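A look at the structure
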Amino acid sequence: MTMRFDGKVAIVTGAGGGLGREHALALAGRGARVVVNDLGVARDGAGASMSPAQAVVAEIEAAGGEAMANGASVTDFPAVQAMVAEATARWGSVDILVNNAGVLRDKSFAKMEIEDFRFVVDVHLMGAVNCTKAVWDGMREQGYGRIVMTTSSSGLYGNFGQANYGAAKMALVGFMQTLAIEGAKNDIRVNCLAPTAHTRMTEDLGAALPLEALGPELVSPGLLYLVSAEAPTRCILGAGAGGFERAYVTLTQGIHAVGPDAPEQVAARFEAISDRTGEIVPEMGAAQGMIELTKAQKAQG
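Since the structure is predicted, the reported quantities are computational estimates derived from the model, not experimental observations. (Residues numbered from 1 in each chain as written. Predicted model: local features only at pLDDT ≥ 70, side-chain atom pairs only at ≥ 80, totals over all residues. Heavy atoms only, no water.)

Most of strand β7 (residues 236-240) sits inside the fold, with five of its five residues counted as buried. Neither face of β7 is left uncovered, since the one carrying Ile236, Gly238 and Gly240 and the one carrying Leu237 and Ala239 both have all their residues buried. By the bridge criterion, four bridges tie strand β6 (residues 188-195) to β7 in an arrangement that is parallel. Along β7, the bridge assignment pairs Leu193 with Leu237. Here β7 pairs with strand β8 (residues 243-247) via five bridges, running antiparallel. Bridge pairing in β8 links Gly240 to Gly243. Here β7 folds back onto β8 in antiparallel fashion, the turn holding two residues, of which Ala241 has a positive phi close to 55°. (Buried < 20%, exposed > 50% of the residue type's maximum accessible area, 1.4 Å probe, protein only. Helix = DSSP H or I, 4+ residues; strand = E, 2+ residues; numbered from the N terminus. Pairing = 2+ DSSP bridges.)

Shown next, in the form of structure tokens:
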């Protein structure tokens, strides 16, 4: 069946260009009413302009869709609340939130100023927190919501020069894990998208990647599934160049070690601790403690 979003209202942050623009166009093209949010800043967060958001709205309207531009900074919670209130007043609800807004201030950690670390975390992590908090009660009341956090392989696996960005992106995974549990009873499904795409965020990579194969429009099909009525929840979906993968946070079965020589046992048996045979994807954080207690009980006979 064709995936449609008729009657749904979506907010896409950072939608004035790149991935956000493609997400907004894709949602509108399948019937959603879209709030195109973009502060219109440079890649490092400097400046501001409504022009990028307005241009995307014009594209959507020219194609017969419905959209509205919004220039709120995701770091400004009252402004985000006002955006959600405006969308709700105009269209009746907010059903979909795509947390896509982001900035880069790349440097090795040794050279990175603490303010550059804080600012990137504020935009990526707290920006997503602000937007999600602003829509959360409405989604709970209506018994429906679809939320996507934009994570990154830099957070999942690390990348030189991106300690700030990676920390924020991995934090979004933890945020997603808990919200998916808390939102389940109200059919609020929360997922993460880890994109690989050629946008201004990756322009410095140059010849390191075949950029012509990494159009941002090739990521949006994954986004559409993650915000659809049939969406999963607690999924980390990788997407890029037409490829789609799923990442997991797993836990090995490990060992039991106690006594005065426990540190030495850990060192001597680290390969066994690392053995992925029988690893699990925990349903919640308590699973680690249950595995550890079970090993302890077995050791005690």
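Below, the discussion takes up the environment of Gly238. Turning to its location among the elements, Gly238 is positioned in strand β7. Sequence spacing of Gly238 and Val219 is 19 residues, and the spatial spacing of their C-alpha atoms is 8.6 Å. Discounting chain neighbours no more than four positions away, the residues touching Gly238 are Ala194, Gly243, Phe244 and Glu245. (Contact = heavy atoms within 4.5 Å.)

Turning our eyes to something else, we now look at the packing of aromatic side chains. Evaluated as defined, the whole model comprises one aromatic pair. Seen from their ring centres, Phe109 and Phe117 are 6.2 Å apart, and the 75° between their planes marks the pair as edge-to-face. The ring of Tyr144 has Lys8 lying over it, and the distance from NZ or CZ to the ring centre is 3.9 Å. (Phe/Tyr/Trp six-rings, centres within 6.5 Å; stacked < 30°, edge-to-face > 60°. Lys NZ or Arg CZ within 6 Å of the ring centre and 35° of its normal.)

The subject of this paragraph is unusual backbone geometry. In this structure, Asp187 is a non-glycine residue whose phi angle is positive, near 55°. Position of Asp187 relative to the elements: it lies in the loop between α6 (163-183) and β6. Among the residues examined, Asp187 registers a relative accessible area of 25% and is labelled partly exposed. In this model, Ala241 sits at a positive phi of 55°, which is unusual for a non-glycine residue. When its relative accessible area of 45% is taken as the criterion, Ala241 is described as partly exposed.

Evaluation of the coordinates by the stated rule reveals nine salt bridges. Between Arg21 and Glu22 there is a salt bridge, and its shortest N-O distance comes to 2.9 Å. Ionic pairing is found between Arg276 and Glu279, a salt bridge with its closest N-O pair at 2.9 Å. Relative accessible area serves as the criterion here: at 55%, Arg276 is assigned to the exposed category. When salt bridges that share partners are traced, they join Arg21, Glu22 and Glu59 into one network. (Salt bridge = Lys/Arg side-chain N within 4 Å of Asp/Glu carboxyl O.)

It is the contact of helix α1 (residues 18-29) with helix α2 (residues 51-62), at a shortest axis distance of 10 Å, that shows an interaxial angle of 25°. In terms of their interaxial angle, α1 and α2 are classed as roughly parallel. In this structure, α1 meets α2 at a crossing whose hand is right-handed. Counted together, Arg21, Ala24, Leu25 and Ala28 of α1 and Val56, Glu59 and Ile60 of α2 form the full contact between these two elements. Partitioned by chemical class, the residues of the contact of α1 with α2 number five nonpolar, no polar and two charged. (Axes fitted to C-alpha atoms, helices over the stretch in contact; angles between N-to-C directions. Parallel < 35°, antiparallel > 145°, perpendicular 65-115°, else oblique. Left-handed = near helix turned anticlockwise from the far one by under 90°. Nonpolar A, V, L, I, M, F, W, Y, C, P; charged D, E, K, R; others polar.)

Moving on, we come to empty space enclosed by the protein. In this structure the tally under the stated criterion is one cavity of 30 Å³ or more. The computed volume of the largest cavity comes to approximately 60 Å³. Asn99, Asn100, Ala101, His124 and Ala128 are, among the 13 residues lining the largest cavity, the residues nearest its centre. Secondary-structure elements contributing two or more residues to the lining of the largest cavity are α4 (114-142) and α6. Of all the elements, α4 adds the most residues to the lining of the largest cavity, at five residues. (1 Å grid on protein atoms, 1.4 Å probe; cavity = no way out; pocket = protein on both sides within 12 Å on 5 of 7 lines; lining within 4 Å. Points joined across faces, edges and corners; volume = space filled by probe spheres on them.)

Everything listed is a geometric property; what it means functionally is a separate question.
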